[in-house]
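Examination of the molecular architecture
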Amino acid sequence: MITQISLFAPNVEGSMHKITGILADNDINIISLQTNDSAEFGIVRLLVDKPEKAFEAYKKEGYLCRSDQVIGVYMVDKPGCLNRILSALSESRINIDYIYISFDRGSASPIAVMHASEPDIVEECLEAKGFRLSH
């Protein structure tokens, strides 16, 4: 599994600059970043090379944040790949809370990053159905 940092950020000018600046100041590299916004705040989800250090840095700066375990599944860069992954989970009656696509820089492969309430079961299901997981 992969450790993901999620934080609430005010939806104001310069907010993302401050968030990325904290990582830069702590020599933490961003692997993947996803944002969702609303009128007043946003949720920023990050995969970084030093998740524990990032979590502590954000807490020290006063951010409301959490650390979660997410599942990364390598994808073949062809139409229908994500659908096959989701079909495997659906057949096993497994619900995914949210999903986004990241990228493995080393292998130049897309990765589906998923959050579920029971990540161990998701990993077991996907491995049993022949999918390769990212760690």
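The notes below deal with the structure included here. Please read all numbers here as calculations on a predicted model, not as lab measurements.

What counts, and at which threshold
Residues numbered from 1 in each chain as written. Predicted model: local features only at pLDDT ≥ 70, side-chain atom pairs only at ≥ 80, totals over all residues. Heavy atoms only, no water. Helix = DSSP H or I, 4+ residues; strand = E, 2+ residues; numbered from the N terminus. Rg over C-alpha atoms; globule rule 2.2 N^0.38 Å. Buried < 20%, exposed > 50% of the residue type's maximum accessible area, 1.4 Å probe, protein only. Contact = heavy atoms within 4.5 Å. Areas by Shrake-Rupley, 256 points an atom, 1.4 Å probe, with all protein chains shown as cover. Lys, Arg positive; Asp, Glu negative; His and termini not counted. Charge placed at Lys NZ, Arg CZ, Asp CG, Glu CD. Patch = residues over 30% accessible without salt bridge, like charges linked within 9 Å, V, L, I, M, F, W, Y side chains within 5 Å. Salt bridge = Lys/Arg side-chain N within 4 Å of Asp/Glu carboxyl O. Pairing = 2+ DSSP bridges. Phe/Tyr/Trp six-rings, centres within 6.5 Å; stacked < 30°, edge-to-face > 60°. Lys NZ or Arg CZ within 6 Å of the ring centre and 35° of its normal.

Here we take up the overall build of the protein chain. Looking only at helices and strands, one finds four helices and seven strands in the protein chain. Helices and strands in the protein chain line up, N terminus first, as β-α-β-β-α-β-α-β-β-α-β. In terms of overall dimensions, the protein chain is globule-like: its C-alpha atoms have a radius of gyration of 16 Å, near the 14 Å expected for 135 residues. Projected onto its principal axes, the C-alpha coordinates of the protein chain cover approximately 40 × 30 × 25 Å. Residues counted as buried form 44% of the 135 residues belonging to the protein chain. Within the protein chain, contacts between residues at least 6 apart in sequence are counted, and of these 65% link residues at least 24 apart. Carbon together with sulfur atoms contributes 50% to the accessible area of the protein chain, which is approximately 7,800 Å² in total. Taking the 13 positively charged and 19 negatively charged side chains of the protein chain as two groups, their mean positions are separated by 3 Å.

What follows covers a negative patch on the surface. A contiguous patch of negative charge, built from Glu 118, Asp 120, Glu 124 and Glu 127, is present on the exposed surface. In this fold, Asp 120 is placed in helix 4 (residues 119–128).

What follows covers the pairing of strand 5 (residues 98–104). Here strand 5 shows a buried face lined by Tyr 98, Tyr 100, Ser 102 and Asp 104 and an unburied face lined by Ile 99, Ile 101 and Phe 103. Two successive antiparallel strands, strand 5 and strand 6 (residues 109–115), enclose a turn made up of four residues, where Ala 108 displays a positive phi of approximately 55°.

Our next topic: the pattern of salt bridges. Close approach of charged atoms allows side chains with opposite charge to pair. Per the stated rule, a full pass over the model turns up three salt bridges. Lys 50 is paired through a salt bridge with Asp 27; the nearest N and O atoms lie 3.5 Å apart. Separated by 23 residues along the polypeptide, Lys 50 in the loop between strand 3 (41–48) and helix 2 (51–60) and Asp 27 in the loop between helix 1 (15–25) and strand 2 (30–37) bring together distant segments of the chain. We classify Asp 27 as exposed; its relative accessible area is 57%.

What follows covers the environment of Met 114. Within the element layout of this structure, Met 114 appears in strand 6. Classification of Met 114 by relative accessible area gives buried; the value is 0%. Along the sequence, Met 114 and Val 70 sit 44 residues apart, while their C-alpha atoms lie 5.6 Å from each other. Excluding residues within four positions of it along the chain, Met 114 makes contact with Val 70, Ile 71, Val 73, Ile 85, Leu 89, Ile 96, Tyr 98, Ile 99 and Leu 126.

A positive phi angle, close to 55°, is found at Asp 27, a residue other than glycine. Unusually for a residue other than glycine, Ala 108 sits at a positive phi of about 55°. Along the chain, Ala 108 turns up in the loop between strand 5 and strand 6.

Per the stated rule, a full pass over the model turns up two aromatic pairs. A centroid spacing of 5.6 Å and a plane angle of 80° characterise the contact between Tyr 58 and Tyr 63, whose relative ring orientation is edge-to-face. As far as burial versus exposure is concerned, Tyr 58 and Tyr 63 are alike and both buried. Taking the ring centre of Tyr 98 as reference, the NZ or CZ of Arg 45 above it sits at 3.6 Å. Over the ring of Tyr 74 we find Arg 132; its NZ or CZ atom is 3.7 Å from the centre of that ring.

By themselves these figures say nothing about function.
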